[in-house]
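# Report on the structure
Chain by chain, the residues run as shown.
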Amino acid sequence: MDLPQEMMMEILIRLPVKSLLKIRCVCKAWCGLIKSPSFIDMHLRRSGNNKYVMLKRYIEHENQTMISFHSNNDEAEKSLSLCLRSPIEVTWFYHRNLEAAHLIGPCNGIVCITDGMDIYLCNPATRELRKLPPSPFGCPEYYRPITDGVGIGFDPSTNDYKVVRILYWDAIEYRPDHQYQAELYSLNTNSWRELRDVILPFYHLFARCNLLFQGRFHWRAWHALAQPCDTDCILSFDMRAEVFDVIHYPPSCVGDLGLVENKEPSFVSLNDSLALILCTSLPEEHPAPPQIIDIWVMMEYGVEESWTKKFSLGPFTIGIRRPLCLWKDDKQLLLESRSGQLISCSLLPDELEATEIKEHDIFESSTLLEGRIYAESLVSLNPIYMEEAIIE
């Protein structure tokens, strides 16, 4: 007896992407259902409850950049080193340093990966890959284009995935000026367009410190021409309105010169709020002096006066390179150690547990480990599949 379609959808949306890709071949009706926009949207909303830790690692002795996915549940806490699905080997940036590849996003299961020159969109769950076309816009004479920042997001008003790229024209011969430009890629049209009405001050963006939050992409930025002095800040881009904005750090976190001194910032989403993690910078001497991690939460997005310090962790003596991301329902903070090892600490109020560092059996070339929280999806890139060697 055939099940009603509503009941069938309720059953299927509980299955992982890998299983759904297999059962699409059972019959045309199931295939059409699983490919339908309504089913993809329902599955995406439910998959947010089943998340993974996504790690990008550069394995120096093998000259490989790998993206792996690990459990995010309590039972597998001690087995975080076990990869839950076949890793993705990043082999697309030929003839260049693979360690330069950075994770951008994710957004609804789509990950953007770039080395500053080429940009790829990847759905790790479906193993789809799309290389974005080169920019069609020219460069002024005597200048060369330098990509300073890349962001990804979704515009619900047009049902479109967008990639924003900030670049500047660097003078081949010394000139005192830099010309900034913003370009926007649309997955629906597979094309770039210039954001001509956008005014961009001279910012320098830090590629690895980024976050997509509430439809806006955020970068750690340094405003090089701010008055009266250089300023550290957060630069954001609204994917729907297509406008940039600036968020300033809590006043007590910056020095007299407007800079975050001797601290390594990271951005995360904590209890559905934008959060700033500041870790005492790691000096070169051994052993490392004690480090403190402060976590500030913007209680009302966009209102700088609402920054509130929620946690102060430490002191730690293991040598922390930088914070990565939150996991286990925002109760654990993943970090990179001086040696490139993945470590974690608790955000629970118990003071003894909060200062305990847990080491995980995952290692990386120092300073090159990147971590994100990932939820799989069926969102299609109008598929251009990855090489057969890495398809499960």
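Each remark here, short or long, concerns the structure printed above.
Residues numbered from 1 in each chain as written. Predicted model: local features only at pLDDT ≥ 70, side-chain atom pairs only at ≥ 80, totals over all residues. Heavy atoms only, no water.

This part covers the state of the cysteines. A complete count under the given rule lists 0 disulfides for this structure. Here Cys25 is not disulfide-linked; the sulfur of Cys31 is the nearest cysteine sulfur, at 7.2 Å. (Disulfide = S-S within 2.5 Å.)

Looking now at helix α1 (residues 5-12). Residues of α1 that are buried include every one of Met8, Met9 and Leu12, and no others. Here the buried residues of α1 occupy an arc of 100° about the axis, which is enough to place them on one side. (Buried < 20%, exposed > 50% of the residue type's maximum accessible area, 1.4 Å probe, protein only. Helix = DSSP H or I, 4+ residues; strand = E, 2+ residues; numbered from the N terminus. Arc of directions from axis to C-beta.)

Put simply, α1 and helix α3 (residues 28-35) touch, their axes get as near as 11 Å, and they point 65° apart. Classified by the interaxial angle, the pair formed by α1 and α3 is roughly perpendicular. The hand of the α1/α3 crossing is right-handed. Side by side, α1 and α3 meet where Gln5, Met8, Met9 and Leu12 of the first sit next to Trp30, Leu33 and Ile34 of the second. (Axes fitted to C-alpha atoms, helices over the stretch in contact; angles between N-to-C directions. Parallel < 35°, antiparallel > 145°, perpendicular 65-115°, else oblique. Left-handed = near helix turned anticlockwise from the far one by under 90°. Contact = heavy atoms within 4.5 Å.)

A full pass over the atoms with the stated rule returns 7 aromatic pairs. Seen in terms of ring centroids, Tyr185 and Trp192 are 5.5 Å apart; in terms of plane orientation they differ by 55°. Their pairing is tilted. On the accessibility criterion, Tyr185 (1% relative accessible area) is buried. The structure contains a cluster of three or more aromatic residues connected by ring pairs, namely Phe217, Trp219, Phe237 and Phe244. The side chain of Arg165 reaches across the aromatic face of Trp192, ending 4.0 Å from its centre. (Phe/Tyr/Trp six-rings, centres within 6.5 Å; stacked < 30°, edge-to-face > 60°. Lys NZ or Arg CZ within 6 Å of the ring centre and 35° of its normal.)

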